[in-house]
Amino acid sequence: ETGVTQTPRHLVMGMTNKKSLKCEQHLGHNAMYWYKQSAKKPLELMFVYNFKEQTENNSVPSRFSPECPNSSHLFLHLHTLQPEDSALYLCASSQDIAGAGEQYFGPGTRLTVT
Amino acid sequence: DQQVKQNSPSLSVQEGRISILNCDYTNSMFDYFLWYKKYPAEGPTFLISISSIKDKNEDGRFTVFLNKSAKHLSLHIVPSQPGDSAVYFCAAEGAQKLVFGQGTRLTINP
């Protein structure tokens, strides 16, 4: 247990569906991140939030919409996804973005888009 | 263009021997480097790190070496144990972001 939980662990959705991924951290951290890991590719940073404010959007398509209601919770809202969006989506947190090095990851959500 | 590269997708080592995982980077602005370990169905967990002002950091069986002139770092695990079998990711920090390599799958054989 890293102190970062993600739900659901697995998700299968059609291209016309709308779904949300949830992340919660119990570490008292101020920064939260969404990453995408596709097969045989490096982890790709998607979004960064620091004290609930988005500080980074790494050119992510608008069909991915993040939400950070407070420093402990992070959501990723999904709509009209494409099959190539199938991947492992990882949430992470760190004390703050200045110390971005040591990030704590959740177990990920395995997303399959059909 | 990939700024952090792990050119070996997999590595197999006998139990008790040394495991050496390698990582190369291209951006000289990176100032902090980390290794993460990932088991199946779990997220990556932090293993060890090194600042760019050092060339070596040791923590128990794990040692990370940094060669800034070559833009290369390596992770040494000695002695290797079966529980070390996992995917290892190298990461570099710059501009308050982490950039990850593709990972190397390490298998420790009994």
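Let me sum up the structure you'll find in this document. (Residues numbered from 1 in each chain as written. Chains lettered and ligands numbered in written order. Predicted model: local features only at pLDDT ≥ 70, side-chain atom pairs only at ≥ 80, totals over all residues. Heavy atoms only, no water.)

Looking now at the overall build of chain B. In terms of regular secondary structure, chain B is built from 0 helices and 11 strands. Along chain B, helices and strands appear, N-terminal first, in the series β-β-β-β-β-β-β-β-β-β-β. Its C-alpha radius of gyration of 13 Å places chain B within 12% of the 13 Å reference for a compact globule of 110 residues. Dimensions of chain B, computed from the C-alpha atoms along their principal axes, are close to 40 × 25 × 20 Å. Of the contacts made within chain B by residues no fewer than 6 positions apart, 53% connect residues no fewer than 24 positions apart. (Helix = DSSP H or I, 4+ residues; strand = E, 2+ residues; numbered from the N terminus. Rg over C-alpha atoms; globule rule 2.2 N^0.38 Å. Contact = heavy atoms within 4.5 Å.)

Quick look at the interface of chain A and chain B now. Chain A puts 20 residues into the contact, and the matching count from chain B is 20 residues. Of the roughly 1,600 Å² buried between chain A and chain B, counting both surfaces, carbon and sulfur atoms make up 61%. The interface formed by chain A and chain B holds 1 salt bridge in total. K97 of chain B is paired through a salt bridge with E56 of chain A; the nearest N and O atoms lie 3.2 Å apart. (Buried area = accessible area lost by both parts, 1.4 Å probe. Salt bridge = Lys/Arg side-chain N within 4 Å of Asp/Glu carboxyl O.)

Turning next to the sheet that holds strand 3 (residues 18–25) of chain A. All names here are of chain A. Strand order in the open sheet formed by 4 strands is 1-3-8-7, with antiparallel pairing between adjacent strands. In this open sheet, the two strands that pair with only one neighbour each are strand 1 (4–7) and strand 7 (64–70). For this sheet, the mean angle separating the axes of adjacent strands, direction not counted, is 20°. Bridge analysis of strand 7 against strand 8 (residues 73–79) gives 5 bridges, and the strand direction is antiparallel. (Pairing = 2+ DSSP bridges. Axes fitted to C-alpha atoms, helices over the stretch in contact; angles between N-to-C directions.)

Once that is clear, we can look at the sheet that holds strand 3 (residues 19–25) of chain B. Residues and elements named next belong to chain B. Pairing in this open sheet of 5 strands is antiparallel, and the strands run 1-3-8-7-6 from one edge to the other. On the outer flanks of this sheet lie strand 1 (4–5) and strand 6 (56–59), each paired with one strand and no other. Sheet topology note: the strand 3/strand 8 (residues 72–77) ladder contains 6 bridges and is antiparallel. Looking at strand 8, one finds that S19 is bridged to I77.

It is worth spelling out the environment of E42 of chain B at this point. Mapped onto the secondary structure, E42 of chain B falls in the loop between strand 4 (32–38) and strand 5 (45–51). For E42 of chain B and H72 of chain B, which are 30 residues apart along the polypeptide, the C-alpha to C-alpha distance reads 27 Å.

A word on the pattern of salt bridges. This model, assessed by the stated rule, comprises 5 salt bridges over all chains. A salt bridge links R63 of chain A to D85 of chain A; the nearest nitrogen and oxygen atoms lie 2.7 Å apart. In this pair, R63 of chain A sits in the loop between strand 6 (53–57) and strand 7 while D85 of chain A sits in the loop between strand 8 and strand 9 (87–94), placing the two residues 22 residues apart along the sequence. What makes D85 of chain A buried here is its relative accessible area of 2%. Each of K37, R61 and D84 of chain B takes part in a single network of salt bridges with overlapping partners. (Buried < 20%, exposed > 50% of the residue type's maximum accessible area, 1.4 Å probe, protein only.)

Attention now goes to the state of the cysteines. If you walk through the whole model with that rule in mind, you get 2 disulfides over all chains. Here C23 of chain A is linked by a disulfide to C91 of chain A, with a sulfur-sulfur distance of 1.9 Å. Taking the torsion about the sulfur-sulfur bond, which here is approximately -70°, the covalent link between C23 of chain A and C91 of chain A counts as left-handed. Here C23 of chain A is found in strand 3, whereas its partner C91 of chain A is found in strand 9, with 68 residues between them in sequence. Each member of the pair, C23 of chain A together with C91 of chain A, is buried. Shown here is the disulfide that connects C23 of chain B with C90 of chain B, its sulfur atoms set 2.0 Å apart. Between C23 of chain B and C90 of chain B the sulfur-sulfur dihedral comes to about -65°; the bridge is accordingly left-handed. In this pair, C23 of chain B is assigned in strand 3 and C90 of chain B in strand 9 (residues 86–94), connecting sequence segments 67 residues apart. We classify C90 of chain B as buried; its relative accessible area is 0%. For the unlinked cysteine C68 of chain A, the closest cysteine sulfur is that of C91 of chain A, found at 9.0 Å. A residue is classified by how much of its surface remains accessible, and C68 of chain A, at 11% relative accessible area, is buried. (Disulfide = S-S within 2.5 Å.)

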